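Residue-level structure breakdown
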Amino acid sequence: MVKLFETGAYLLNGRELVQDDGSAEGVLTSKGIKTSKEEATKGTIAYSILQKHNTSGDTEQLKIKFDKMTSHDITFVGIIQTARASGLKEFPIPYVLTNCHNSLCAVGGTINEDDHVFGLSCAKKYGGIYVPPHQAVIHQYAREELAECGAMILGSDSHTRYGALGTMAIGEGGGELAKQLLGKTYDVARPGVVAVYLDGEPAKGVGPQDVALAIIGAVFKNGYVKNKVMEFVGPGIAKLSSDYRIGIDVMTTETTCLSSIWETDDKTKEWYETHFRPEAFTETKPENVAYYDGVVYVDLSKVRPMIALPFHPSNTYTIEELNANLKDILHECEENGKKQLTGDVEFKLTDKIHDGRLYVEQGIIAGCAGGGFENICDAVDILKGHYIGSDEFTLSVYPASVPIMMELINNGRAAEILHAGGVMKTAFCGPCFGAGDTPANGALSIRHSTRNFPNREGSKIQNGQISSVALMDARSIAATAVNKGYLTPATDLDVEYTGPKYFFDKDIYANRVYDGWGKAQPEEEIKFGPNIKDWPEMPALTENLLLKVASVITDPVTTTDELIPSGETSSFRSNPIGLAEFTLSRKDPEYVGRAKAFHAVEIARENDEHPCEVYPEIKQVMPVIKEKFEGASRKNTGFGTTIYAVKPGDGSAREQAASCQKVLGGWANIAKEYATKRYRSNLINWGMLPFVIDEDSVDISLDNPFGLENDDYIFIPGIREALMNKAEVIKGYIVNKGMKEISLKLGALTDDERTIIEKGCLINYYRD
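Cut-offs and rules
The residue numbering used here restarts from 1 in each chain and proceeds along that chain's sequence as written. Where totals are concerned, whole chains, interfaces and linings use all residues; where local detail is concerned, this predicted model gives features only for residues with pLDDT of at least 70, and gives and counts side-chain atom pairs only at 80 or more. By convention in this description, side-chain values take in all heavy atoms of the structure and omit both hydrogens and water. Where helices and strands are cited, they refer to DSSP runs of H or I of at least four residues and of E of at least two residues respectively, numbered from the N terminus. We call two N or O atoms a polar contact when they sit within 3.5 Å, provided that within protein one can donate a hydrogen and the other can accept it, with sequence-adjacent residues counted only if both atoms are side-chain atoms. In this description, contact between two residues means that some pair of their heavy atoms is separated by no more than 4.5 Å. Residue burial is assigned from relative accessible area. The probe radius is 1.4 Å, only protein chains are included, and a residue is buried under 20% of its type maximum, exposed over 50%, and partly exposed in between. For two strands to be treated as a pair, DSSP must find no fewer than two bridges joining them. For helices, the fitted axis covers only the stretch in contact; all axes are lines through C-alpha atoms, and the angles between them, taken along N-to-C directions, range from 0 to 180 degrees. Angle categories: roughly parallel below 35 degrees, roughly antiparallel above 145, roughly perpendicular from 65 to 115, and oblique for all the rest. The crossing is said to be left-handed when, going from far helix to near helix, the turn is anticlockwise and less than a right angle, and right-handed when the turn is clockwise. All amino acids are sorted into three groups, where Ala, Val, Leu, Ile, Met, Phe, Trp, Tyr, Cys and Pro are nonpolar, Asp, Glu, Lys and Arg are charged, and the leftover types, Gly among them, are polar. Orient the strands so they point away from the viewer, and a crossover whose first-strand-to-second-strand path over the helix runs clockwise is right-handed. Only residues whose relative accessible area exceeds 30% and that take part in no salt bridge are eligible for patches, with like-charged residues grouped when within 9 Å of each other and nonpolar side chains (Val, Leu, Ile, Met, Phe, Trp, Tyr) grouped when within 5 Å. Values of accessible area rely on a 1.4 Å probe in the Shrake-Rupley scheme; residue burial ignores everything except the protein chains shown. Only one rule defines a salt bridge in this text: a Lys or Arg side-chain nitrogen within 4 Å of an Asp or Glu carboxyl oxygen. Neither His nor the chain ends is counted toward charge; the positive residues are Lys and Arg and the negative residues Asp and Glu. The atoms used to mark charge sites are NZ of Lys, CZ of Arg, CG of Asp and CD of Glu. Two cysteine sulfurs form a disulfide in these notes if their separation is within 2.5 Å.

1. Some words on the side chain of S121
- Mapped onto the fold, S121 is located in helix α4 (residues 111-126).
- There is a polar contact of 3.1 Å between the side chain of S121 and the backbone nitrogen of K527.
- If we skip the residues at most four places from it in the chain, S121 touches E524, E525, I526 and K527.

Next up, the structure:
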């Protein structure tokens, strides 16, 4: 099904793979010419697009300027507030503000709609594009209206992926978008490129989510494509429609890759013509010889209907395998899940086994992954003539945009969904991040959406609740619905897929979306609701740091949902201090109290007050430090908190996973490694030190090599000098453990990134 090459490989004429044998001479081309690996590296699609957008003049250290940007209503307020505080005058490139996350306006009174009004007023003032609530989810609008072959788009959502349409797109935290708004660049070392070689043709009933989950299951745990570009090539592409390719592409985020790009062809051209943008199409393909740092070989014909069990998209099985070994696999999943969960809850899946079959309570087809036209039409072909029954099982379908919904109404598919007992809902991302369709306590939901992290479906573990999500393709969800909630792969049913033609109604957006690009109105007043707050002042880095450990997390991976929960907390995204109250609330409910208590020490220091008066424990700590570092004092030592996590930052791009720590006085993270570049970038942009453990100094195989515990104190002398002088190893001392020495590293940082940390955050950097 999926095979990973152990070495890099050359791709000849877009079809023939030749594994790298380590020869310095490279590979022989079809014309009998030897080509070096270095030269062949330039033959990838990714290389050409990146260099086209690179302004540095250095092919290895890139400074990218994007063509367009997009954000949704969880992120655009903070981004614009950051840019405003840094001197924003006008949007320099098309910037789309969509409203697909906080669009329910179900909690918090006016605060969600206040964010939307803020967004529209900013689109008018700065020359942006505003997509009202329920019109489209962020990524469907970008596909329909923004994507173009050879372009680059930056989005403040991790699933910013439009590679199937020839666009290299990257999801990042808000700080990176603020940089673009200020005319700055996205700085990154040239990423490696891994070929995803598609061969064969999918079996009837196998959908794009099945292919995506098969790939994620093969590459996530080993980091095969981490921070690299996935470049889709091979003869199998021609067998896939554009909608099918999009369904695979959007899930590449779950591999932890940086971006994705695909070959484009006549089917891509047809997509753009259908959407009345034929000028956006150009053919993209590798050069006759292209070198890839690895290869993910996928035999599409061998992919079977897949399921990703809780609590990660990489926890994959074929549905046939699961059904054949239900008790054993579900028990193992329960045991692994309990290790990730905290609190007094009972996580059970084996109780879903009814007469030897797995029963689920909910099915959802939604959002940027599942809400596409073809996914829904194929699901309807399976549902037609059947009923979901009157027991606990429910089915909800969320088309990804109003144009898709309109066509489903016009061609009768919407009526078939309702007739079968399903429910049609508007374009909304809620099921993907816990703001809609939260299952009952103990229930299991199967979803064609993007993620199934713990509590991401909306349950609150701190309130004793636990439900969970398994990811599946729309077709197998529909097959399960036909069997009234009993897990069924779509390949078990004999269905004639009708494949209706899609007709895009361009007037829907033309009549409703505000397009102010190039028409900034500086005189326009921004409309602020009472919950929209400015970022608090953040201090510059001091000569020394005293860090108090406020949370220790030894899970193999920590998601951004665990760092700052999604769901109803998203209503507070425009209020940095209000949102910070939810930091780590599901993973470590005591974190906020610890962090706030110690933050008072730094506030006292900044006000030239004695820290001991607000935190008496400092009286015992500082004398121990001064015995070894005589010059250390509250004048030159900052007081802040840190968290330790093995591998933090998997998942969402939202910057709040870092900024909330900063608002509470966080000054660093300590990790064995960071799950994604975007989380590490968020730490940097909020002035936090992204420490990693020096592997040469300890046994890195241990979950917690330094043996850190909550309330430990770590003193780091000369940190500002070490940062700015690019010290390779930075020494710290665990004060309360006899000044035990520890060794830390910061990894690769650009000069600008070092200065951002020194200044205290991105806002300070630009303000200065």
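2. Let's talk about the side chain of T82
- Mapped onto the elements, T82 comes out in helix α3 (residues 76-85).
- Judged by its relative accessible area of 3%, T82 falls in the buried class.
- A distance of 2.8 Å separates a polar side-chain atom of T82 from the backbone oxygen of G78.
- Here T82 is in contact with A178, W535, W686, L762 and I763, once residues within four sequence places are set aside.

3. Quick look at helix α26 (residues 751-759)
- Buried residues of α26: E753, R754, T755, I756 and I757, and no others.
- Where α26 ends, the next residue or the one after it, G760, has phi of about 115°, a positive value.

4. Brief notes about the sheet that holds strand β35 (residues 730-734)
- Reading around the barrel, the seven strands line up as β28-β30-β32-β33-β36-β35-β34 and close back on themselves, with mixed pairing between neighbours. The average angle at which neighbouring strand axes cross in this sheet is 35°, direction not considered.
- Sheet topology note: the strand β30 (residues 637-645)/strand β32 (residues 666-671) ladder contains five bridges and is parallel. Considered in β32, the bridge of Y644 is made with I670.
- Relative to β32, helix α23 (residues 656-663) is tilted by about 130°, and along the sheet it contacts β30 and β32.

5. Notes on the sheet that holds strand β9 (residues 129-131)
- Pairing is mixed across the open sheet formed by six strands, whose spatial order is β11-β10-β7-β8-β9-β27. Pairing within the sheet leaves two strands with one partner each, and these edge strands are β11 (168-171) and β27 (514-515).
- Sheet topology note: the β9/β27 ladder contains two bridges and is antiparallel. The residue bridging Y130 from the neighbouring strand is Y514, located in β27.
- Across the sheet, α3 lies against β7 (68-71) and β8 (95-98), angled at about 140° from β8, the strand it touches most.

6. Observations concerning the packing of α3 against α4
- Where α3 meets α4, the axes come as close as 10 Å, and the angle between the chain directions of the two elements is 45°. Between α3 and α4, the angle is such that the two are oblique. Two packed elements cross with a definite hand, and for α3 against α4 that hand is left-handed. Of the residues in α4, those touching α3 at F76, V77, I80, Q81 and R84 are D115, F118, G119, C122 and Y126.
- Grouping the constituent residues of the contact of α3 with α4 by class yields six nonpolar, two polar and two charged.

7. Brief notes about helix α17 (residues 474-482)
- In terms of residue burial, α17 counts as a mostly covered element, since nine of its nine residues are buried.
- A474, R475, S476, I477, A478, A479, T480, A481 and V482 are the residues of α17 that are buried.
- Tucked inside the fold, the buried residues of α17 contact α7 (208-219), α10 (319-324), β22 (362-366), α13 (373-383), β23 (394-398) and β25 (444-448).
- Looking one or two places after α17, you find K484, whose phi comes out positive at around 60°.

8. A word on the pairing of strand β13 (residues 193-199)
- With six of seven residues buried, β13 lies mostly within the body of the structure.
- By the bridge criterion, five bridges tie β13 to strand β14 (residues 229-233) in an arrangement that is parallel. Within the sheet, the bridge partner assigned to V196 lies in β14 and is F232.
- Tracing the backbone out of β13, into α7 and back to the parallel element β14 gives a crossover that is right-handed.

9. Thoughts on a negative patch on the surface
- On the surface, D266, E270, E273 and E283 cluster together into a patch of negative charge.
- Its place among the elements puts D266 in helix α9 (residues 266-274).
- Accessibility expressed as a relative area gives 61% for D266, which makes it exposed.

10. Some thoughts on the state of the cysteines
- Tallied over the full model, the rule gives zero disulfides.
- Free cysteine: C377, not disulfide-bonded; nearest cysteine sulfur from C368 at 18 Å.

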